[in-house]
Amino acid sequence: MGESCTLSCGVCVEERPIYTLAEAPWRLVGELDEQREGAEREAARGGGGVERSLPLQLVLLGEGAGAAGDAEAGEDGDVSGGGATSRPLGPPNDDPLVELSAGEVHLLGRTASGALYTWGDNSLGQLGRSFAAAREPYTAWRAHRMRWPAPLPATAPAVSVSAGRMHSAAVLATGEVFAWGDNSHGQCGVPLEMTPLSAAPPELEMLDAPIATPVRVPLPEAARAVACGELHCLTLGTSGAVYGWGDNVYGQLGAVTEHASEGPLRLKLPTRPGETVIALAAASFHSLALTDAGRVLGWGDNTHGQLGRNRRGFVAALLPGGVGGESGAPTEEEFEAEFTAAAAPAFLPLELHAGEAVVAVSVGAYHSGAVTSSGPVSYTHLRAHETDSY
């Protein structure tokens with residue numbers, strides 16, 4: 001057995017070998033590029049000089065990332081194996097991949113037609129596959145197409161997908177939001193006692209984890225986008241309203257709650273009249289929202305400066321000058337004040353030029369970034385919040 005578990009669920013597995021670059025059992029990215037360029041040249045020469053489209057290639061690197069280069073193709077264009085690879089995913093030419101989301105050890109891919117494929121670790125049901133139907137309960141090396149529960153059509157199209165740490169969520173074309181996987185903090189949007197459980201294999205029964213099969217999140221309106229953090233979810237309603245559920249230990253739901261929220265909460269956002277949220281991003285313990293005015297709202301943990309300077313919210317400067325006594329521990333009143341500040345959505349103090357607006361936001365576990373546009377000039381650049389020592 002390995003010295004430490006490689007699965008976040010706590011189930012020990014055999015330690016995997018460590019390869020040098022020369023010994024690695026997968027092809028290098030440079031080799032994949034050369035192979036693809038050669039195929040493109042060959043395609044351009046074929047068909048009477050008419051350039052032909054190539055199958056969608058997805059480059060996957062790292063353990064559990066997908067199929068090996070010498071693997072054989074399976075159903076739905078799947079390729080089985082191990083390691084890392086560049087391989088076709090889904091229908092090759094007429095249904096390209098348009099959205100990709102990675103959790104801690106699993107991935108979701110949505111195609112132009114709305115087909116959703118899942119692969120990687122499935123130890124807590126984050127692939128949406130029944131353990132009873134899976135030959136390998138922990139890891140799916142092949143990408144499998146998601147099948148939705150009745151009465152929905154099994155292949156209903158999705159318009160937005162997101163992978164959390166060990167859970168997943170998707171918005172269907174109907175506006176319904178479905179979530180599945182780990183629901184230990186209510187991140188699937190339903191109370192623990194109402195979780196539609198997937199039968200866990202004996203190795204996982206010790207965890208007593210609520211592993212949810214795809215379940216509809218009870219929202220008061222249709223949704224158009226979803227964003228999963230480590231243990232929480234956000235969704236954007238068609239009205240522009242933002243809802244959150246799941247863990248709230250750092251105020252990442254944008255509301256003051258005593259515990260995690262097992263159902264959707266509507267956030268109160270300090271937007272201007274007529275200003276609407278158009279995009280969301282959820283990180284480990286903080287969240288962002290982008291408005292149509294090009295402004296960015298943030299809330300939750302700011303321990304590492306992921307929400308910018310001069311903002312409270314569990315920053316290391318919480319206890320300057322001995323606040324909280326000689327032990328350095330904050331009093332209950334000080335903690336509550338800090339939590340309240342963290343949970344309050346506020347606009348980030350970005351240093352933008354005149355006429356410059358944010359057009360996209362993204363988050364890592366403990367940092368944030370924004371792409372801005374300088375108005376009429378067709379130019380974009382990246383502005384990121386650095387991790388500071390406060």
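Rules used throughout
- Residues numbered from 1 in each chain as written.
- Predicted model: local features only at pLDDT ≥ 70, side-chain atom pairs only at ≥ 80, totals over all residues.
- Heavy atoms only, no water.
- Disulfide = S-S within 2.5 Å.
- Buried < 20%, exposed > 50% of the residue type's maximum accessible area, 1.4 Å probe, protein only.
- Helix = DSSP H or I, 4+ residues; strand = E, 2+ residues; numbered from the N terminus.
- Pairing = 2+ DSSP bridges.
- Salt bridge = Lys/Arg side-chain N within 4 Å of Asp/Glu carboxyl O.
- Phe/Tyr/Trp six-rings, centres within 6.5 Å; stacked < 30°, edge-to-face > 60°.
- Axes fitted to C-alpha atoms, helices over the stretch in contact; angles between N-to-C directions.
- Expected span 1.5 Å × (residues − 1).
- Arc of directions from axis to C-beta.
- Contact = heavy atoms within 4.5 Å.
- Core = buried A, V, L, I, M, F, W, Y, C linked by side-chain atoms within 4.5 Å.

*Asks:* How do you make sense of the state of the cysteines when you look at a structure like this?
*Replies:* Here a disulfide denotes a covalent bond joining the sulfur atom of one cysteine to the sulfur atom of another. One pass over the structure, following the stated rule, counts zero disulfides. No disulfide involves Cys 188; its sulfur sits 7.3 Å from the nearest other cysteine sulfur, which is in Cys 233. For Cys 228, which is in no disulfide, the shortest distance to another cysteine sulfur is to Cys 233 and amounts to 3.1 Å. A residue is classified by how much of its surface remains accessible, and Cys 228, at 7% relative accessible area, is buried.

*Asks:* Could you clarify how one ought to interpret the pairing of strand S4 (residues 106–111) in this entry?
*Replies:* In the case of a regular strand, side chains alternate between the two sheet surfaces. In terms of burial, S4 is a largely internal element, six of the six residues being buried. Judged by which residues are buried, S4 turns out to be covered on both faces: His 106, Leu 108 and Arg 110 on one side and Leu 107, Gly 109 and Thr 111 on the other are all buried. Pairing analysis gives five bridges linking strand S3 (residues 97–102) to S4, with the strands arranged antiparallel. What sits directly across from Ser 101, in S4, is Leu 108. Direction of pairing for S4 relative to strand S5 (residues 116–121): antiparallel, over a ladder of five bridges. Across the sheet, Leu 107 pairs through a bridge with Trp 119, a residue of S5. Hairpin connection from S4 to S5: four residues lie between these consecutive antiparallel strands, with Gly 114 at a positive phi of about 95°.

*Asks:* Explain the pattern of salt bridges to me, please; I cannot follow it from the model alone.
*Replies:* The final tally for this structure, using the stated rule, is four salt bridges. Between Arg 165 and Glu 104 there is a salt bridge, with the nearest N and O atoms lying 3.0 Å from each other. Taken together, the residues span a long stretch of sequence, with Arg 165 in the loop between strand S7 (158–163) and strand S8 (167–172) and Glu 104 in the loop between S3 and S4 at a distance of 61 residues. Of the residues examined, Arg 165 reaches a relative accessible area of 24% and is grouped as partly exposed.

*Asks:* Would you take a moment to explain the packing of aromatic side chains for this structure?
*Replies:* Geometrically, a pair of aromatic rings is defined through the distance of the ring centres and the angle of the planes. A full pass over the atoms with the stated rule returns four aromatic pairs. Taken together, a centroid distance of 5.7 Å and an interplanar angle of 70° make the contact between Trp 148 and Trp 180 edge-to-face. Pair noted here: Trp 148 is in the loop between strand S6 (139–145) and S7 and Trp 180 is in strand S9 (residues 177–182), with a separation of 32 residues, a long-range link. With relative accessibility at 0%, the residue Trp 180 sits in the buried group. Seen from their ring centres, Tyr 250 and Phe 285 are 5.0 Å apart, and the 50° between their planes marks the pair as tilted. One end of the pair, Tyr 250, is in the loop between strand S13 (242–246) and strand S14 (261–266); the other, Phe 285, is in the loop between strand S15 (277–282) and strand S16 (286–291), with 35 residues separating them in the sequence.

*Asks:* In this structure, what is going on with the sheet that holds S3? I would like to understand it.
*Replies:* Strand-to-strand pairing in sheets goes through backbone hydrogen bonds, with the strands running parallel or antiparallel. Strand order across the open sheet formed by four strands is S3-S4-S5-S6, with antiparallel pairing between neighbours. Edge strands, defined here as strands with exactly one partner in the open sheet, are S3 and S6. Averaged over all pairs of adjacent strands, the angle between strand axes in this sheet comes to 10°, irrespective of strand direction.

*Asks:* For this particular structure, what's the right way to read helix H3 (residues 332–343)?
*Replies:* The α-helix winds at 3.6 residues per turn, so residues separated by three or four positions along the chain end up facing the same way. The first and last C-alpha atoms of H3 sit 16 Å apart over twelve residues, in line with the 16 Å expected at 1.5 Å per residue. Taken as a whole, H3 has its buried residues at Glu 338, Phe 339, Ala 342 and Ala 343. An end-on view of H3 places all buried positions within 130° of arc, on one side of the element. On its buried face, H3 is in contact with strand S17 (296–300).

*Asks:* Explanation requested: the nonpolar core in the structure shown.
*Replies:* When a protein is soluble and globular, its nonpolar side chains tend to lie buried together. Counting residues in hydrophobic clusters, the biggest one holds 17 residues, and the most contacted among them are Ala 169, Val 177, Val 217, Leu 219 and Trp 245. Element by element, the count of residues in this core is highest for strand S11 (residues 223–228), at three residues. If we skip the residues at most four places from it in the chain, Ala 169 touches Leu 108, Ser 160, Val 161, Ser 162, Phe 178, Ala 179, Trp 180, Val 226, Cys 228 and Cys 233. If you look at the next biggest cluster of nonpolar residues, it comprises 13 residues, including Trp 148, Ala 158, Val 161 and Ala 170.

*Asks:* Sorry, what's going on with the sheet that holds S8 here?
*Replies:* Judged by pairing direction, the sheet is antiparallel, and its four strands sit side by side in the order S7-S8-S9-S10 without closing on themselves. Where the open sheet ends on each side, the last strands, each with one partner, are S7 and strand S10 (211–216). In this sheet, adjacent strand axes meet at a mean angle of 10° when their direction is disregarded. The sheet contact formed by S8 and S9 spans five bridges and is antiparallel. Opposite Val 171, over in S9, you have Val 177 as the bridge partner.

*Asks:* It is not clear to me how the pairing of S8 should be interpreted in this structure. Could you clarify?
*Replies:* A large share of S8 lies buried, amounting to six of its six residues. Summarising the sheet, S7 and S8 pair through five bridges and their orientation is antiparallel. The partner of Ser 162 across the bridge, within S8, is Ala 169. In sequence, S7 turns back onto S8 through a hairpin of three residues. The antiparallel pairing of S8 with S9 creates a hairpin that spans four residues between the two strands, and Gly 175 there sits at a positive phi of about 95°.

*Asks:* Explanation requested: the environment of His 185 in the structure shown.
*Replies:* Mapped onto the fold, His 185 is located in the loop between S9 and helix H2 (202–205). Since its relative accessible area comes to 29%, His 185 is described here as partly exposed. Sequence separation between His 185 and Glu 262 is 77 residues, and the spatial gap between their C-alpha atoms is 7.1 Å. Setting aside anything within four residues of it in sequence, one finds His 185 in contact with Leu 231, Gly 246, Asp 247, Ala 260 and Ser 261.

Keep in mind these numbers describe shape, not what the thing actually does.
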